[in-house]
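Spelled out, the chains give:
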Amino acid sequence: MAGHARHPPFHLAVALLLGLASLIIPPTSRAQPPPPPVTVPVGLIIDADSPVGRIAHTTIPMALDDFYAAFPNASTRVRLLQHDSGGDVVAAASAALQLMTTQGARAILGPQSSVESAFVADLATRAEVPVVSFSATSPSVSAAGARFFSRAALSDGAQAGAVAALAAYFGWRRVVPIYQDDDYGAAFVPFLADALATVRTEVPYRCALPAGASADAVAAAMYRLESQQTRAFVVHARPALAELVFAAAADAGMMAEGYAWVITDGLTGLLGSIRPPQGVIGLAPHAPDGNTPRMRAVRRRWARAFLRDHPDADPDQAEMGCYALWAYDAAWAVASAAERLGPGEFSSAPPGLVGGESGGPTDFSGLGKSASGEKFLAAIANTTFDGLAGRFELVGGELAVPAFRIVNIMDDARERSLGFWTLEHELHRKLGEPNSSGLAPVIWPAESTVVPVGWVQPTSGRKLRIAMPGGVDPGYRPIMHLDVDPATNRTVAGGFVIEVFEAAVRLLPYALPFEYVLVDSMLYDSLVERVGSGEFDAAVADITITANRSQHVDFTLPYMTSGIAMVVPMRDQRSNRAWVFLKPLRYDLWLVSFVFLIFTGFVVWAVEHRVNSEFRGPPSYQIGTLLYFGFSTLYFAHREDLKSNLSRFAVVVWVFVVLILQSSYTASLTSMLTVPQLEPAIGDYASLWHGAGRVGIMNDSFMKASMTRSGFPQARLVRYRAAQDFHEALLNGTIGAIVDETPYLRLFLNTYCDNFTQTAQTNKTGGFGFAFQKGSPYVADLSRAILNLTESEEMSSIERKWFGDAEGCASPQGSQFTSDSLSFGSFWGLFLITGATSLLCCVLHLATFLVASRRRIREAASAPGVLWKDRFHMFLKLFDDKDLSSHTFTAKDRGRSANDAGASPGVAHVAAGSPLSVSNHTYDMSDWSVSAPSPAPAPAAAGEVELAAGGGHTEGEVAVAPDPDGISDRIVAGHQEGQ
């Protein structure tokens, strides 16, 4: 303890050191306070009394406060210079000029409306002062027209695709836009019309209302819309005008069941101000972070600030819509861009007027230019951050479009989410999930859950005027006819076309009143043009759908298919065929039969010629026998006695095939010679084209123009009106054929089917359809009704009623008989059987021969010094020789054969001039061998030839006894003479 007391305490030492340091360090090196931030004046032009102006008055200061609270050490600070334009363009321009000249604004937020923005953007571009608008959504103003203009909001043109997707999803074929007739509304309609056209939805008329329209003018416009057909509307207007529209629509009964209303994002973002009726569908930009804690906190602070700034406001208006989100992000972007540039860019003097006198007229060309304007514009364009409305990023001066929310407006202006729309995935219930396509169920006006069809019959009750051509020929009454009741003077229509049309109308989900109007007989092209001109609402007739006609009208789907075909007379061709006996069999069957005749004859010869003397002889004789035997089997006239069971089996199978062929040939030839062979006088269209005969066509048909365009000579075309005229012209030879559509030809043949026939169809047509005016909403509904009718039994019943059954025409005797030539395809199984049988017999015979003659074949093959050609010749000689071991030869035949044949083919050396055996003595040739001695014969009589083996002769040689008197030569000669 005493030791520790001698040292000074530690804290005293530290205090002494700090005191010395304070004395040593000079006072000039102490830390200085940071310089104050540079003020950046930014103008704000709004209509303070408008809903958007009130929102901006609260939102933009709040956004700047939040920015500098997040970045307290910022070197710049935006100071707002607010001006109230009162919605006047001149006031907005004057405020902008004052901001850019006397107040030195480096940027301008606003103006509020698109009309004001277009004027101010032009001034700002000249002065090079950036203008950032958060509410000018009209496509009429853009960075393309004013370089220093940037839109921190979505362009109205971006939501046109979402409206078109809704129309396609709900099946609306007609949509009427109700819009404010100024730059804000009128610039949106072309984008909407183009988007609707891509989904085949028409804009039949437009309802343009002035911005200052009175309630009475709006009510009159709504009553006019109520009397029309369309029931789907898109409202694009400012809140004040939109409130008048919804009030007048409710009074006119247009918020009832069957109506559909869509509002754009400009109204959806102000639901608290306009309070649209229940059942309306709204579009709103999607804010990805709408339910985060930060967003909820901002919304609560904003609501309190809005009600504090505007005590008279309705609490329902204290909701941050799209305009509040865009204004917040726009102010944040300007503050962020100013901070990125730094205080150096804003330390210079602000721009001012150049060359102007105070109090004199303003010279816009002399407006000074800011040195930092270009950099400030670039900084704003390159600013990106995650704002309240989503990712803030300007692409070409426009805010990128992320997605749109589809909401259903409920009571008290509450939103009910239905889904989302994106350019890539169209409509989906959940964003980012392509499999969740579609929307949630919608509650429509009057709390209806039934999807409106988008249009109805006009409330004026006017009936559709349906044109029908009169003067129909009695021969075509089953297709269509129109009569006038003389007692009631009422038009009564009937026929296939009329029944189909009326059945389709009954299937529509609504009543469709119409009346038939009788028109004079005319070309259907003229009738279609009259419908297209508006003289008639539609034409119901047997009108063929063609490309030319579809330019004037819209056709329903075809209710009856058709094609171009010919009707020609039938002619008997029996007397014109001298070679008719060849026709029963087609060329392939003739050829195969000939080949099998030769093959069967060859197989029989190959099996029989060694055991049957009838198949032996000189080569020409054997070939003749082979051919004769084969062909004689066709008539069962073969006389040769077959010895081998193999050949008998092959012939039995072949004769069975011949029997079937002969019976078929006889039957076919008999029918060709006895039954009338009626064939079309003109086989096809090519024959008609290259011929010289005239062609009949219907009087009002499109066939004349069609055939003339295809190059058919017009002089050969003859027009007829009645089916009876066609019949008489064909009989007297005036025309050679009728070319028309298949329904007419079907009726003609039902009446005059004797000695006429329809050739194969040569060309398809569009079929029969009902013609309506361009853009008629009935076309789609009737087309669906026709499809449903076609798939039901009712269509078949109507067709049978007026056209009869397909086989209803009683054909003339023999006119429908055809006798085709028999082909190989009908008999290939029989030929397969007989071919396999003959081949098997041939193979078995060859195998038997090889086994029986294997010793001789082996000796011939092993003989030295013999060429392969000689060996082959020896083999053929051996195969051609008689089979003396066969039971078909007697002992006498064997002896004679031995004398005839001489030495065996297996002998290597044959004595030249060796005489054949002429001895009356009989030898058993089966006991012979070229390698063993022959049995000793009986003592030879005088004049006999002695055959000996061994005794000094080489093995394999035959020794001939001496014949000094030449007796053997004389006997041989006599023997040959006897033969």
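Owing to the predicted nature of the structure, the values given are computational and were not obtained by experimental measurement.

Quick word on the overall build of the chain
Scanning the chain for helices and strands turns up 31 helices and 33 strands. Counting across all 979 residues of the chain, residues that qualify as buried make up 46%. Surface summary for the chain: the accessible area is close to 48200 Å², and the carbon and sulfur share equals 56%.

Some words on the pattern of salt bridges
Throughout the structure, instances matching the rule amount to 19 salt bridges. Note that R174 is salt-bridged to E202, the shortest N-O span being 3.5 Å. With R174 in the loop between helix 6 (160–170) and strand 6 (176–180) and E202 in the loop between helix 8 (188–198) and strand 7 (207–209), this pair connects stretches of sequence that are 28 residues apart. Owing to a relative accessible area of 11%, R174 belongs among the buried residues under this scheme. Of the charged contacts, one joins R506 and E794 as a salt bridge, the two residues approaching to 3.3 Å between their closest N and O atoms. Placement of R506 in helix 16 (residues 496–506) and of E794 in helix 26 (residues 793–803) is noted, with a sequence separation of 288 residues between them. By relative accessible area, R506 is classed as exposed at 56%.

Side note on the pairing of strand 15 (residues 404–409)
By the criterion of burial, strand 15 is predominantly enclosed, with 5 of the 6 residues buried. Inspection of the sheet shows strand 10 (residues 281–285) paired to strand 15 by 5 bridges, in the antiparallel sense. Of the residues in strand 15, the one forming a bridge with P285 is F404. Of the strand pairs in this sheet, strand 15 and strand 16 (residues 415–422) are connected by 6 bridges, and their pairing is antiparallel. From the neighbouring strand, I409 faces strand 16, where its bridge partner is E415. Hairpin connection from strand 15 to strand 16: 5 residues lie between these consecutive antiparallel strands, with D412 at a positive phi of about 60 degrees.

Here we look at the UniProt feature "transmembrane region" (unreviewed entry) in the chain
Under the present numbering, the feature "transmembrane region" (unreviewed entry) in UniProt falls on residues 552–568, 589–607, 619–637, 649–667 and 827–852. As annotated, residues 552–568 comprises 0% helix and 47% strand, and the C-alpha atoms at either end are separated by 35 Å. Span residues 827–852 is 96% helix and 0% strand, its end C-alpha atoms 38 Å apart.

Thoughts on the packing of helix 6 against helix 8
Running from amino to carboxyl end, helix 6 crosses helix 8 at an angle of 40 degrees, the nearest separation of the two axes being 8 Å. Taken together, helix 6 and helix 8 sit at an angle that is classed as oblique. Considering how the two elements wind past one another, helix 6 and helix 8 form a crossing that is right-handed. Between helix 6, through A160, G161, V163, A164 and A167, and helix 8, the contact on the second element is made entirely by F188, F191, L192, A195 and L196. In terms of residue class, the contact of helix 6 with helix 8 is made up of 9 nonpolar, 1 polar and no charged.

A look at a positive patch on the surface
On the surface, R296, R300, R304 and R308 cluster together to form a positively charged patch. Following the sequence through the fold, R308 ends up in helix 13 (residues 293–309).

Side note on the sheet that holds strand 21 (residues 514–519)
Spatial strand order, 21-18-22-31-23: 5 strands in an open sheet with mixed pairing. If you trace the sheet from one side to the other, it starts and ends with strand 21 and strand 23 (554–555), each paired once. Sheet topology note: the strand 22 (residues 538–544)/strand 31 (residues 768–772) ladder contains 4 bridges and is antiparallel. In the sheet register, I543 faces strand 31, and the bridge partner there is G769. Sitting on the sheet, helix 16 is in contact with strand 18 (464–469), strand 21, strand 22 and strand 31, with an inclination near 160 degrees to strand 21.

Describing unusual backbone geometry
Cis geometry marks the peptide bond from G110 to P111, where omega comes out at -10 degrees. Counting through the fold element by element, P111 comes out in the loop between strand 3 (107–109) and helix 5 (114–127). Although it is not a glycine, E128 adopts a positive phi angle of roughly 60 degrees. By the element assignment, E128 lies in the loop between helix 5 and strand 4 (131–133). Residue E128 is classed as buried on the basis of its relative accessible area, which comes to 17%. Unusually for a residue other than glycine, E447 sits at a positive phi of about 55 degrees. With respect to the helices and strands, the residue E447 is situated in the loop between strand 17 (426–428) and strand 18.

Description of the environment of I498
Looking at the element boundaries, I498 is found in helix 16. Sequence spacing of I498 and V540 is 42 residues, and the spatial spacing of their C-alpha atoms is 7.4 Å. Those residues in contact with I498 that sit more than four places away from it in its chain are M468, M480, A493, Y516 and V540.

Brief notes about the sheet that holds strand 6
Pairing in this open sheet of 8 strands is mixed, and the strands run 7-6-8-9-10-15-16-17 from one edge to the other. Edge positions in the sheet fall to strand 7 and strand 17, since each of these pairs with one other strand and no more. Averaged over all pairs of adjacent strands, the angle between strand axes in this sheet comes to 25 degrees, irrespective of strand direction. In this structure, strand 6 lies alongside strand 8 (residues 232–236), joined through 4 bridges in parallel fashion. The partner of V176 across the bridge, within strand 8, is F233. In this fold helix 9 (residues 215–226) packs onto strand 6, strand 7, strand 8 and strand 9 (260–263), with an angle of close to 180 degrees to the strand it touches most, strand 7.

A closer look at the pairing of strand 16
In terms of strand pairing, strand 16 meets strand 17 through 3 bridges, oriented antiparallel. Residue pairing for strand 17: W421 is matched across the bridge by L427. In this structure, the hairpin formed by strand 16 and strand 17 is closed by a connection of 3 residues.

Digging into the packing of aromatic side chains
Under the defined criterion, the tally for this structure stands at 35 aromatic pairs. Centre to centre, the rings of F170 and W172 are 5.2 Å apart; their planes meet at 25 degrees, and the pair counts as stacked. Each member of the pair, F170 as well as W172, carries the same accessibility label: buried. Each residue in the set Y476, F496, F501, F514, Y516, Y559, Y744, F768, F770 and F803 is aromatic and connected to the rest through ring pairs, giving one cluster. Directly above the aromatic system of Y68 lies the positively charged group of R77, at a separation of 4.3 Å from the ring centroid.

Some remarks on a nonpolar patch on the surface
Nonpolar side chains collect at one region of the surface, where L591, F594, V595, I623, L627 and F631 lie side by side and expose about 540 Å² of accessible area between them. Elements supplying a minimum of two residues to the nonpolar patch: helix 18 (587–608) and helix 19 (619–632). Among the structural elements, F594 can be located in helix 18. Among the residues examined, F594 registers a relative accessible area of 45% and is labelled partly exposed.

Section: the packing of helix 27 (residues 828–852) against helix 29 (residues 868–880)
Where helix 27 contacts helix 29, the two axes come as close as 11 Å, and the packing angle between them is 105 degrees. The angle between the axes of helix 27 and helix 29 places the two elements in the roughly perpendicular class. For the pair helix 27 and helix 29, the contacting residues are H845, F849 and L850 in the first and F875, L878 and F879 in the second. The class makeup of the residues in the contact of helix 27 with helix 29 is 5 nonpolar, 1 polar and no charged.

A closer look at the environment of G344
On the secondary structure map, G344 appears in the loop between helix 14 (322–341) and helix 15 (373–381). Judged by its relative accessible area of 58%, G344 falls in the exposed class. Here the alpha-carbon distance between G344 and S372, two residues 28 residues apart in the chain, equals 9.7 Å.

Concerning the side chain of T264
Looking at the element boundaries, T264 is found in the loop between strand 9 and helix 11 (265–268). The class of T264 is buried, set by a relative accessible area of 1%. A distance of 2.9 Å separates polar atoms of two side chains, one belonging to T264 and the other to H236. Aside from chain neighbours lying at most four places away, what touches T264 is Q159, Y184, F188, V234, V235, H236 and L283.

So, the state of the cysteines
Applying the stated criterion across every chain, the model contains 0 disulfides. We note that C841 lacks a disulfide partner, and the nearest cysteine sulfur, in C842, lies 8.7 Å from it. Under the relative-accessibility criterion, C842 is labelled buried at 19%.

A few points about the environment of V199
Relative to the elements of secondary structure, V199 occurs in the loop between helix 8 and strand 7. On the basis of relative accessible area, V199 is assigned to the partly exposed category, the value being 22%. A sequence separation of 30 residues divides V199 from Y169, and the C-alpha atoms of the two residues are 9.6 Å apart. Each residue touching V199, except ones within four places of it in the same chain, is listed here: A164, A168 and R173.

Rules and cut-offs
- Residues numbered from 1 in each chain as written.
- Predicted model: local features only at pLDDT ≥ 70, side-chain atom pairs only at ≥ 80, totals over all residues.
- Heavy atoms only, no water.
- Helix = DSSP H or I, 4+ residues; strand = E, 2+ residues; numbered from the N terminus.
- Buried < 20%, exposed > 50% of the residue type's maximum accessible area, 1.4 Å probe, protein only.
- Areas by Shrake-Rupley, 256 points an atom, 1.4 Å probe, with all protein chains shown as cover.
- Salt bridge = Lys/Arg side-chain N within 4 Å of Asp/Glu carboxyl O.
- Pairing = 2+ DSSP bridges.
- UniProt positions renumbered as here; feature names shortened; annotations may be inferred.
- Axes fitted to C-alpha atoms, helices over the stretch in contact; angles between N-to-C directions.
- Parallel < 35°, antiparallel > 145°, perpendicular 65-115°, else oblique.
- Left-handed = near helix turned anticlockwise from the far one by under 90°.
- Contact = heavy atoms within 4.5 Å.
- Nonpolar A, V, L, I, M, F, W, Y, C, P; charged D, E, K, R; others polar.
- Patch = residues over 30% accessible without salt bridge, like charges linked within 9 Å, V, L, I, M, F, W, Y side chains within 5 Å.
- Lys, Arg positive; Asp, Glu negative; His and termini not counted.
- Charge placed at Lys NZ, Arg CZ, Asp CG, Glu CD.
- Phe/Tyr/Trp six-rings, centres within 6.5 Å; stacked < 30°, edge-to-face > 60°.
- Lys NZ or Arg CZ within 6 Å of the ring centre and 35° of its normal.
- Polar contact = N/O pair within 3.5 Å; in protein donor to acceptor, adjacent residues only side chain to side chain.
- Disulfide = S-S within 2.5 Å.

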